[in-house]
Amino acid sequence: MKKILIVVLALIVLVAGSAFYLIKLKGPVYADSADAQYVMQNITADSRTSRTIVWQSRVVVPKSYIEYRMTGNQNSSQIEATNIDFKTDEGVVHKHTAYLSNLKPATKYEYRVGDDKNRNNWFTFTTEAEKVSNYKVLIFPDSQCADYGVWQRLSSAAWERNKDAVFFINMGDLVDNGEQYSQWRAWLRAISGMVSTIPAAPIPGNHEYYTLDWKATPAKLYENLFSLPTNGTEGLPNQTYSYDYGDVHYVVIDTQAEELAAFDNNIYERQVQWLEKDLSKTNKKWKVALLHRSPFDWRASDAPNTIGKSFLPIFDKYGVNLVFLAHIHSYSRTVPVKNFAPANKGTVYITTGRSGDKVWEGSPRKTFDEVFYNPLDQPNYLTLEVTDNELYVRAVKQDGSIIDEVHIKE
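Cut-offs applied
Residues numbered from 1 in each chain as written. Predicted model: local features only at pLDDT ≥ 70, side-chain atom pairs only at ≥ 80, totals over all residues. Heavy atoms only, no water. Axes fitted to C-alpha atoms, helices over the stretch in contact; angles between N-to-C directions. Helix = DSSP H or I, 4+ residues; strand = E, 2+ residues; numbered from the N terminus. Parallel < 35°, antiparallel > 145°, perpendicular 65-115°, else oblique. Left-handed = near helix turned anticlockwise from the far one by under 90°. Contact = heavy atoms within 4.5 Å. Nonpolar A, V, L, I, M, F, W, Y, C, P; charged D, E, K, R; others polar. Buried < 20%, exposed > 50% of the residue type's maximum accessible area, 1.4 Å probe, protein only. Polar contact = N/O pair within 3.5 Å; in protein donor to acceptor, adjacent residues only side chain to side chain. Expected span 1.5 Å × (residues − 1). Salt bridge = Lys/Arg side-chain N within 4 Å of Asp/Glu carboxyl O. Phe/Tyr/Trp six-rings, centres within 6.5 Å; stacked < 30°, edge-to-face > 60°. Lys NZ or Arg CZ within 6 Å of the ring centre and 35° of its normal. Pairing = 2+ DSSP bridges. Core = buried A, V, L, I, M, F, W, Y, C linked by side-chain atoms within 4.5 Å.

## Observations regarding the packing of helix 2 (residues 148–161) against helix 3 (residues 181–190)
Phase 1 of the analysis: Contact geometry for helix 2 and helix 3: axes closest at 9 Å, N-to-C directions at 25 degrees. Classified by the angle their axes make, helix 2 and helix 3 are roughly parallel. Judged by the twist between their axes, the crossing of helix 2 over helix 3 is right-handed. The residues of helix 3 that touch helix 2, namely those facing Y148, W151, Q152, S155 and S156, are Q183, A186, W187 and A190.
Phase 2 of the analysis: The class makeup of the residues in the contact of helix 2 with helix 3 is five nonpolar, four polar and no charged.

## So, the side chain of Q144
Phase 1 of the analysis: Relative to the helices and strands, Q144 is located in the loop between strand 9 (135–140) and helix 2.
Phase 2 of the analysis: Using a relative accessible area of 3% as the deciding quantity, one classes Q144 as buried.
Phase 3 of the analysis: A polar side-chain atom of Q144 sits 2.7 Å from a polar atom in the side chain of D176.
Phase 4 of the analysis: Within the structure, the side chain of Q144 is placed 3.5 Å from the side chain of H207, a separation counted as a polar contact.
Phase 5 of the analysis: Each residue touching Q144, except ones within four places of it in the same chain, is listed here: D173, L174, V175, D176, H207, H329, G356, D357 and K358.

## Examining helix 2
Residue pairs three or four apart in sequence face the same way in an α-helix, which turns once every 3.6 residues.
Phase 1 of the analysis: Between its terminal C-alpha atoms helix 2 stretches 20 Å, which fits the 20 Å expected from 14 residues at 1.5 Å a residue.
Phase 2 of the analysis: Within helix 2 the residues assigned to the buried category are Y148, G149, V150, W151, L154, S155, A157, A158 and W159.
Phase 3 of the analysis: For helix 2, the secondary structure elements touched by its buried residues are strand 9, strand 10 (165–170), helix 3, helix 4 (192–195) and strand 21 (380–386).

## Topic: the pattern of salt bridges
Phase 1 of the analysis: Within this structure, the stated rule accounts for 20 salt bridges.
Phase 2 of the analysis: With its nearest N and O atoms 2.9 Å apart, the salt bridge here joins R293 to E259. Residue R293 is located in the loop between strand 14 (286–291) and helix 8 (306–317), and its partner E259 is located in helix 6 (residues 257–260); the two are separated by 34 residues in the primary sequence. As far as burial versus exposure is concerned, R293 and E259 are alike and both buried.
Phase 3 of the analysis: Among the charged side chains, a network of salt bridges with common partners joins D46, R48 and E130.

## Here we look at the environment of Y38
Phase 1 of the analysis: Looking at the element boundaries, Y38 is found in strand 1 (residues 37–42).
Phase 2 of the analysis: For the pair Y38 and S196, spaced 158 residues apart in sequence, the C-alpha separation works out to 8.4 Å.
Phase 3 of the analysis: Leave out the neighbours within four places in its chain, and Y38 touches V54, W55, Q56, Y181, R185, L188 and R189.

## Side note on unusual backbone geometry
Phase 1 of the analysis: Phi angles above zero are rare outside glycine, and W214 is one such case at about 65 degrees.
Phase 2 of the analysis: Positionally, W214 belongs in the loop between strand 11 (200–202) and helix 5 (220–225).
Phase 3 of the analysis: Positive phi, normally seen in glycine, also occurs at N339, with a value near 55 degrees.
Phase 4 of the analysis: Among the structural elements, N339 can be located in the loop between strand 17 (337–338) and strand 18 (341–342).

## Points about the environment of K287
Phase 1 of the analysis: Here K287 is to be found in strand 14.
Phase 2 of the analysis: Owing to a relative accessible area of 12%, K287 belongs among the buried residues under this scheme.
Phase 3 of the analysis: Placed 87 residues apart in sequence, K287 and A200 show a C-alpha to C-alpha distance of 19 Å.
Phase 4 of the analysis: Setting aside its immediate chain neighbours within four residues, K287 contacts H249, L279, T282, Y318, G319, V320, N321 and L322.

## Some details on the packing of aromatic side chains
Phase 1 of the analysis: Considering all chains together, one arrives at 21 aromatic pairs under this definition.
Phase 2 of the analysis: Members of the aromatic cluster, connected to one another through ring pairs, are F140, W151, F168, W184, W187, Y222 and F226.
Phase 3 of the analysis: One residue, R69, lies across the ring of W122, its end atom 3.9 Å from the ring centre.

## Some details on the sheet that holds strand 7 (residues 108–114)
Phase 1 of the analysis: Read from one edge of the open sheet, four strands run 4-3-7-8, paired in antiparallel fashion. The open sheet is flanked by strand 4 (77–80) and strand 8 (123–126), the only strands paired with a single partner. Going from strand to strand, the sheet's axes swing by 30 degrees on average, the running direction of each strand aside.

## So, the packing of helix 7 (residues 267–281) against helix 8
Phase 1 of the analysis: Put simply, helix 7 and helix 8 touch, their axes get as near as 10 Å, and they point 10 degrees apart. What the angle tells us is that helix 7 and helix 8 run roughly parallel. Between helix 7 and helix 8, the residues in contact are Y268, Q271, V272, L275, E276 and L279 and T306, I307, S310, F311, I314, F315 and K317, respectively.

## Some words on helix 3
Phase 1 of the analysis: Counting buried positions over the 10 residues of helix 3 gives seven, a clear majority of the element.
Phase 2 of the analysis: Within helix 3, the full set of buried residues consists of Y181, Q183, W184, A186, W187, L188 and A190.

## Description of the nonpolar core
Phase 1 of the analysis: Among the nonpolar cores identified, the biggest contains 96 residues, and Y250, F315 and F324 are the most heavily contacted of them.
Phase 2 of the analysis: Setting aside chain neighbours within four positions, we find F324 in contact with I139, M171, V288, A289, L290, L291, I350, T352, L382, L384 and V393.
Phase 3 of the analysis: A36, V39, A98 and Y109 belong to the second largest nonpolar core, which has 15 residues in total.

Here it is as structure tokens:
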């Protein structure tokens, strides 16, 4: 009888526990239990009232959601995300994208993502103010690596020193092989704390356009992983786009005509038409262009190459103040350039260096270069500080020592 009683009591406890568990699962479980990986923010055309949140799940999720609220407010809003699946060398990736609009400027928000039952922990972001006089941007040169621990240490050091940055730019060659998904996972893991807090504004580099056997291909993984402004050149999704922050207009140009020659043989002509229209419409005081490859022939002379002949006249025409470049894993800065020659007033071109472990030996110095430094001993990053009166750029080694700094005035 005693044994029977013990068994009955055990069954009651088991049933009650199961019932309690089922009751718990009727609503969202708020204990970071969601199947949500690699949560990141992507830049939008207008950061005052909008934000794009992207994440992945390991299994198919019929419906995914983002829940968000102003910090300190217990009442939250929820919208359903869009879901797409895409193939990688490791299988299918399930991507979820939520576009938040009608946000209040200069406001701190909390957000969390998941499905209809489970959500992750809260992340935060702050929208741009209506009028921004001063702000900072982090800029990372090529982050391609054999060991992405190098990228993690560099990006972590930069973020730790610059928690006041409002977004970050990655200058292309984010990974060494654009079709190898394990490298993208390593890239995202390395910046998880930063990219969930401030938006990423990537540009494509040539290494995003290689297959696993190093043949040229459209950058499908890059295109699928990000959800960037759709205001760029038709047919080049996530590859060209523009956005504003404060009194700066940023334009992203795809310089990979060589890799795309067999797939799209007129990307420069189409981008020239788009860029002309884009720059003609902006009324921002400052204009910054972002290109992976240099517009100058770095091998032999300062002469403009095909990229330069295509875009430098437009930069001159619309008074682009600053152009950031990558591809060559060394740092250099030009004097102001106009009409393909040094000028008292013109565009400054900065080749940003490397934030990964890929080193180029012997990068040449050119007559346009006012300052040249080849940071072979360690990776580097840059900061761009915007004020009413100037653009202030600083190039910094991982250990915090300064490579170069320049003040660009109107």
